[in-house]
Amino acid sequence: MDEPLEQLLRRAYRYAVALTGDPVVAEDLVQDAWSSVLESNGPRTGPYLFRTVRNAWIDVVRRGRVVRFEALSEPVPGGAPTTGEAPELLAALGRLRLEEREALFLCAVEGYTAQEVSDRTGQPRGTVLSLIHRGRVRLRELLGMDEREVAR
Amino acid sequence: MTDERVDGLVREAYEGLEPSPEALGRWLRQAERRPRRSLSVGWILLAAAAVLALAAWPLVQIEPPRRPASLVPAPPVLPPEPPPPAPAMLEAAEAERIAREAERDRLLFQLRSGDRKEQLTAKNKLQRNFSRDPAVVAVLGEGPKIAPEPVGPRAPLDPPNGPLHLRGLWVGSISGGKSFKMTVLGQSGDRFEGTVELQLADGTFTSLVVTGTTTGSDVAFSGGSYAFRANVLGHRATGEVEAPDGVTYHWTAVH
């Protein structure tokens, strides 16, 4: 049974946010990727759409259409179409390196193992584990948590 | 434990993200406008037919329309195809090919760097055995030219103003169809000696030790009760032989 399209698109959007760090750019990215999938009549599945989103983001970065910038500590007013209840968390995530953010997203949100993340991103498994670890440490530092706080 | 808590926070942050309703609606409408292309029953049947056709291809034999038996010529009896060469035969053929190439290369080297006699030998062998080999054709077509045999008037056997030079082999015949062979083993001035092999009237051979002299162009030698006389002109000698029984035979020989 195929995943409902709406759910699939939401996941793709979150992944795009993890890649771009910007909800608005993420919408454009999903729009490009989704159009590409529909035009090529590709499978409407999570892995295929995620790969398409990732390739579209690589294209964007290569063409210089988006200048990578440091994420703002404060969310852009009206920038995020719909933000959750954790703007500080998103801001902290935006300060991570792209590779760390992507690995952490795929691991923590999508539930992929390190090997699966390695298969999807092309990074060695050891590198993926390192990225995830450093992302967690950095995120903890940015949120001002120590281990006791996190444990609590 | 700590990592799980951080992961939970990350999950919480991203799962709170939602695309704008406009964007989500637009994406869904796009998907509706481009319905997923699914395999229809027709495509499935067509694919199955293609698979079956491919699988049955070796069994399909297209026969030409048959003519009446009287018009159908008897099929030619073709010799059975030779069986595929066995691996051992292949190895033997390969070894033979390698040997031929080695011989060809040796002859080519000899043609390039040997003396004149070796060059001639190599050229003859190459033309005889490797006339269709491209490498040989290329070399013989534009290879080193072998110096031709110096062609000129053959040196006269008997230098002027001197005794006849008889040393060597003389081969000829005696009247009656018998053979004659003389080998002049040594010559000193106008005297010479050698051996003569004669075929007698009964077909047997006799061997004689002869000694003789030359006078101008005339030659006289004898041995074993046989007396020979001849006149030498160039490389040809013509004369008579008197047998022990007194019968005289005509003989001729060339040097």
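Packing of helix H1 (residues 5-20) of chain A against helix H2 (residues 21-33) of chain B brings their axes to within 10 Å, and their N-to-C directions diverge by 125°. Classified by the angle between their axes, H1 of chain A and H2 of chain B sit oblique to one another. Note that H1 of chain A runs across H2 of chain B; the crossing there is right-handed. Of H2 of chain B, the residues touching H1 of chain A (which contributes Leu5, Glu6, Leu9, Arg10 and Tyr13 of chain A) are Leu24, Trp27, Leu28 and Ala31 of chain B. Within the contact of H1 of chain A with H2 of chain B, the residues separate by chemical class into seven nonpolar, no polar and two charged.

All right, on to the side chain of glutamine 199 of chain B then. All names here are of chain B. Turning to its location among the elements, glutamine 199 is positioned in strand S3 (residues 191-199). Within the local environment of glutamine 199, its side chain forms a polar contact with the backbone oxygen of glycine 203, the two atoms lying 3.4 Å apart. In this view, glutamine 199 contacts Gly177, Lys178, Ser179, Thr204 and Phe205; residues no more than four positions away in its chain are not counted.

Now for the side chain of arginine 101 of chain A. Here arginine 101 of chain A is to be found in helix H5 (residues 98-108). Of the polar contacts made by the side chain of arginine 101 of chain A, one reaches the backbone oxygen of glycine 94 of chain A; its length is 3.4 Å. Beyond its immediate chain neighbours, meaning those up to four positions away, arginine 101 of chain A contacts Val17, Ala18, Leu19, Thr20, Gly21, Leu93, Gly94 and Leu96 of chain A together with Tyr14 of chain B.

This part covers the interface of chain B and chain A. In many analyses, interface size is given as the accessible surface area lost on bringing the parts together. Of the residues lining the interface, 27 residues belong to chain B; the matching set on chain A comes to 39 residues. Summed over both partners, the interface of chain B with chain A comes to about 3,400 Å²; 61% of that surface belongs to carbon and sulfur atoms. Inspection of the region where chain B meets chain A yields five salt bridges. A salt bridge links aspartate 3 of chain B to arginine 140 of chain A; its shortest N-O distance comes to 3.5 Å.

Quick look at the nonpolar core now. As a rule of thumb, nonpolar side chains are buried together in soluble globular proteins. Grouped together as the largest cluster of nonpolar side chains are 52 residues, with contacts concentrated most on Val53 and Leu93 of chain A together with Val10 and Tyr14 of chain B. Once you skip the residues sitting within four places of it in the chain, tyrosine 14 of chain B turns out to touch Arg14, Val17, Ala18, Leu90, Leu93, Arg101, Phe105 and Val109 of chain A. Formed by 23 residues, the second largest nonpolar core is a distinct cluster that contains Leu166, Phe180, Phe192 and Phe221 of chain B.

What counts, and at which threshold
Residues numbered from 1 in each chain as written. Chains lettered and ligands numbered in written order. Predicted model: local features only at pLDDT ≥ 70, side-chain atom pairs only at ≥ 80, totals over all residues. Heavy atoms only, no water. Axes fitted to C-alpha atoms, helices over the stretch in contact; angles between N-to-C directions. Helix = DSSP H or I, 4+ residues; strand = E, 2+ residues; numbered from the N terminus. Parallel < 35°, antiparallel > 145°, perpendicular 65-115°, else oblique. Left-handed = near helix turned anticlockwise from the far one by under 90°. Contact = heavy atoms within 4.5 Å. Nonpolar A, V, L, I, M, F, W, Y, C, P; charged D, E, K, R; others polar. Polar contact = N/O pair within 3.5 Å; in protein donor to acceptor, adjacent residues only side chain to side chain. Buried area = accessible area lost by both parts, 1.4 Å probe. Salt bridge = Lys/Arg side-chain N within 4 Å of Asp/Glu carboxyl O. Core = buried A, V, L, I, M, F, W, Y, C linked by side-chain atoms within 4.5 Å. Buried < 20%, exposed > 50% of the residue type's maximum accessible area, 1.4 Å probe, protein only.

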